[in-house]
Amino acid sequence: MSLRADAPAGVRRFSPAERWVHRTTAALMGVCVLTAACLYVPQLAELVGRRELVVRIHEWAGLALPVPVLAGLASRAFRADLGRINRFGPHDRTWLRAALHRDKRPASRPAGKFNAGQKLYASWIAGATLVMLGTGLMMWFTHLTPLLWRTSATFVHDWLALTIGIVLAGHIGMALADPESRRGMRTGSVSREWANREHPLWRQYVSFRGAGNCANNPNTPAPARRPHLLRR
């Protein structure tokens, strides 16, 4: 038997365009966080030196942060996932209640392609990035705004940067604890077992879509229509 036949069947989760958007955004965000640390931590500032260069790298990396997402809008798969991640349903409230009660049973955490925690993280980091971009521009082009605005922007920028660093550390920690999730972002596919366990509503939707051609095959019974799964 061939190795291909022995390999467990996978489910496609992310397209190449979506993986490119994630990797590029992660790289730019990493540059912003590292350069910010070199600007605000005295020990790192002394170690790295060349403050003017670090400032310029930080500014341009921050300015480029929205570019991967904007470029990704050319991908139909990316646009579809943006719609999914911005849509909250009753199953997301169930997932959040289970998370708050530390109920880790898969049955108590129904999820579509993205669970409620991932949706909240994506919404928060997108909003935080826009705020960082706006306040950063005020700090960069000092002649465009009054002193009071620049002072307020600096305060918001600094404290939000610290918060982003903490949230990103949690995001990376959760990714490290889930090898199959990392595999999905690395290769685009995940195992069927993981999809059934972690994202059962999405897995059912994928199965429903995969059976869409069964009407042309009289020997294959069509699945029962389940409207509540069609937009997961």
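Residues numbered from 1 in each chain as written. Predicted model: local features only at pLDDT ≥ 70, side-chain atom pairs only at ≥ 80, totals over all residues. Heavy atoms only, no water.

Some points on the layout of surface pockets
Operational definition: With a 1 Å grid spanning the protein atoms alone, the term cavity applies to any set of points in which a 1.4 Å probe fits but cannot get out, the term pocket to an open set with protein on both sides within 12 Å along at least five of seven lines, and the term lining residue to any residue with an atom within 4 Å of a point. Grid points are joined across faces, edges and corners, and a volume is the space filled by probe spheres set on the points. Secondary structure elements follow DSSP: runs of H or I of four or more residues count as helices, runs of E of two or more count as strands, with numbering from the N terminus. Residue classes follow a fixed rule: Ala, Val, Leu, Ile, Met, Phe, Trp, Tyr, Cys and Pro count as nonpolar, while Asp, Glu, Lys and Arg count as charged, and any other residue, Gly among them, counts as polar.
Estimated volume of the second largest pocket: approximately 780 Å³. Residue lining of the second largest pocket: 29 residues in total, with Ala36, His58, Met132, His157 and Ala161 positioned closest to the centre. Mapped onto the lining of the second largest pocket, the elements with two or more residues apiece are α2 (16-40), α4 (51-64), α8 (116-140) and α9 (147-176). Among the residues making up the lining of the second largest pocket, the classes are represented as 20 nonpolar, six polar and three charged.

Examining the packing of aromatic side chains
For clarity, the cut-off: Aromatic pairing here means that ring centres of Phe, Tyr or Trp (its six-membered ring) are within 6.5 Å. Orientation follows from the plane angle: under 30 degrees is stacked, over 60 is edge-to-face, and everything else is tilted. Summary of the burial criterion: residues with accessible area below 20% of their type's maximum are buried, those above 50% are exposed, and those between are partly exposed, where the area comes from a 1.4 Å probe applied to protein chains only.
By the definition in use, this model includes three aromatic pairs. Between the aromatic rings of tryptophan 140 and phenylalanine 141, the centroid separation amounts to 5.0 Å while the plane-to-plane angle is 20°, which identifies the pairing as stacked. Residue tryptophan 140 is classed as partly exposed on the basis of its relative accessible area of 23%. Note on phenylalanine 141: relative accessible area 33%, which makes it partly exposed.

Here's the deal with the nonpolar core
Note the following rule: The definition of a nonpolar core used throughout is a set of buried Ala, Val, Leu, Ile, Met, Phe, Trp, Tyr and Cys residues joined through side-chain atoms within 4.5 Å. Contacts are assigned to residue pairs with any non-hydrogen atoms lying within 4.5 Å of each other.
Membership of the largest hydrophobic core is limited to eleven residues, which are Leu28, Met29, Cys32, Ala61, Leu65, Ile125, Ala128, Met132, Leu160, Ile164 and Leu168. Of all the elements in the fold, those that place two or more residues in this core are α2, α8 and α9. Among residues more than four places away in sequence, those in contact with cysteine 32 are His58, Ala61, Gly62 and Leu65. In terms of nonpolar packing, the next biggest core, distinct from the first, is built from five residues, Val11, Val190, Trp194 and Ala195 among them.

Some remarks on the pattern of salt bridges
Put simply, the rule reads: Each reported salt bridge corresponds to a side-chain nitrogen of Lys or Arg within 4 Å of a carboxyl oxygen of Asp or Glu.
What the rule picks out here adds up to eight salt bridges. Lysine 119 serves as the salt-bridge partner of aspartate 92, at 2.9 Å between the closest nitrogen and oxygen. Here aspartate 92, found in helix α7 (residues 90-100), pairs with lysine 119, found in helix α8; they are 27 residues apart in sequence, far enough to count as distant. One salt bridge connects arginine 105 with aspartate 103, and the closest N-O pair in it is separated by 2.7 Å. Salt bridges sharing common partners tie together Glu52, Arg56 and Glu59.

Here's the deal with the confidence of the model for the protein chain
Inclusion rule: The predictor reports its confidence for every residue as pLDDT, a score running from 0 up to 100.
Per-chain confidence: the protein chain averages 85 in pLDDT, with 85% of residues scoring 70 or above. Element-level pLDDT for the protein chain is lowest in helix α1 (residues 3-6), with a mean of 42, against a maximum mean of 95 in helix α5 (residues 66-72). The low-confidence segment residues 1-7 (pLDDT under 50) makes one contact with residues lying over four places distant or belonging to another chain. Long-range and interchain partners of residues 211-232, a stretch whose pLDDT sits below 50, account for 22 contacts in this model, where long-range means more than four residues apart.

Here's the deal with the environment of proline 200
Here proline 200 shows up in helix α12 (residues 200-210). For the pair proline 200 and arginine 109, spaced 91 residues apart in sequence, the C-alpha separation works out to 9.2 Å.

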